[in-house]
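So you can see what is in the structure, the chains are spelled out below.
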Amino acid sequence: MGGYGSNRWGWYEPKTTVEACLTLTVWAIDIRPNDDGTGKAEWTRADGTVTNSVGLDVATGETGGTLTLGYRAGERLIQERVRLSTTRPHLGGLRWWFHCPRCQRRIGKLYKPPESAEFRCRQCHNLTYRKSQEHDKTHDKYLAMLLDGVEADTYLGRLRQAMALIDVYAEL
């Protein structure tokens, strides 16, 4: 017992994070009703060199439309159609949304992980945020402060711990 791989963490492989992906945001694209246009989205390094680019072809109506993405994945040339829709915010105006090409969910961002050739939503690619995979050490500090002087082996001590944790998290 207790040998290599005997616990579940031995087999754990972290998910791909959204920070590792190419991200296409609907609000960064100039989309207007009843308008057709073309453009390009580029991803650059800090020194200004372009690492990736996607050709954009937009065709819209009054309340929806399509966005055609054109890009290379290795040697393949990919043309991908993304449905567009709109909502009307309470303060007026028009808000555009993507619809994931796979599941048709209404989303604001499309992601392309390094190991994939397609832009999809976060759920379809099974992506997570980097921060959710990190341990927050400030919680350890709060817990250490709370447990200082409290005997955890008694029922009353455990009850005090629980109440103190509830208070701390309520203040956060």
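Criteria and cut-off values
- Residues numbered from 1 in each chain as written.
- Predicted model: local features only at pLDDT ≥ 70, side-chain atom pairs only at ≥ 80, totals over all residues.
- Heavy atoms only, no water.
- Buried < 20%, exposed > 50% of the residue type's maximum accessible area, 1.4 Å probe, protein only.
- Helix = DSSP H or I, 4+ residues; strand = E, 2+ residues; numbered from the N terminus.
- Pairing = 2+ DSSP bridges.
- Polar contact = N/O pair within 3.5 Å; in protein donor to acceptor, adjacent residues only side chain to side chain.
- Contact = heavy atoms within 4.5 Å.
- Phe/Tyr/Trp six-rings, centres within 6.5 Å; stacked < 30°, edge-to-face > 60°.
- Lys NZ or Arg CZ within 6 Å of the ring centre and 35° of its normal.
- Core = buried A, V, L, I, M, F, W, Y, C linked by side-chain atoms within 4.5 Å.
- pLDDT = per-residue confidence, 0-100.

To continue, consider the pairing of strand β1 (residues 22–25). Here β1 shows a buried face lined by Leu22 and Leu24 and an unburied face lined by Thr23 and Thr25. Across 4 bridges, β1 lies against strand β8 (residues 109–112) in antiparallel orientation. Opposite Leu24, over in β8, you have Leu110 as the bridge partner.

Let us now look at the side chain of His99. Considering the arrangement of structural elements, one finds His99 in strand β6 (residues 95–99). For His99, the side chain forms a polar contact with the main-chain oxygen of Gln104, separated by 3.2 Å. Discounting chain neighbours no more than four positions away, the residues touching His99 are Val82, Arg83, Leu84, Ser85, Gln104, Arg105 and Arg106.

Right, let's get into unusual backbone geometry. Backbone phi values are negative for most residues with the exception of glycine, while trans is the configuration of most peptide bonds. Even without a glycine there, the phi angle at Gln104 is positive, about 65 degrees. You can see Gln104 is positioned in the loop between β6 and β7 (106–107). Of the residues examined, Gln104 reaches a relative accessible area of 38% and is grouped as partly exposed. In this model, Asn126 sits at a positive phi of 55 degrees, which is unusual for a non-glycine residue.

What follows concerns the packing of aromatic side chains. Counting across every chain of the model gives 3 aromatic pairs. Ring geometry for Trp43 against Phe119: centres 6.3 Å apart, planes inclined by 25 degrees, an arrangement best described as stacked. With Trp43 in strand β2 (residues 36–44) and Phe119 in the loop between β8 and α1 (137–147), the pair connects residues that are 76 residues apart, well separated along the chain. Trp43 gets classed as buried once you look at its relative accessible area, which sits at 16%. We classify Phe119 as buried; its relative accessible area is 0%. Among the aromatic residues, ring-to-ring pairing joins Trp43, Tyr71 and Phe119 into one connected group. Geometry around Trp97 places Arg106 over its ring, the cationic atom sitting 4.8 Å from the centre.

Quick look at the nonpolar core now. If you look at the biggest cluster of nonpolar residues, it comprises 25 residues, and the most contacted ones within it are Leu24, Leu56, Leu67, Leu69, Phe98 and Phe119. Residue assignment for this core shows that the elements contributing at least two residues are β1, β2, β3 (50–60), β4 (64–73), β5 (76–87) and β6. No other element matches β4, which puts 4 residues into this core.

Next up on the list: the side chain of Thr68. With respect to the helices and strands, Thr68 occurs in strand β4. Leave out the neighbours within four places in its chain, and Thr68 touches Gly55, Leu56, Asp57, Gln79, Glu80 and Arg81.

A few words on the confidence of the model for the protein. Should the pLDDT be low somewhere, the predicted coordinates at that spot are not to be read in detail. The predicted model of the protein has a mean per-residue pLDDT of 85, with 82% of residues at 70 or higher. Within the protein, no element has a lower average pLDDT than α1, which sits at 69, and none a higher one than β7, at 98.

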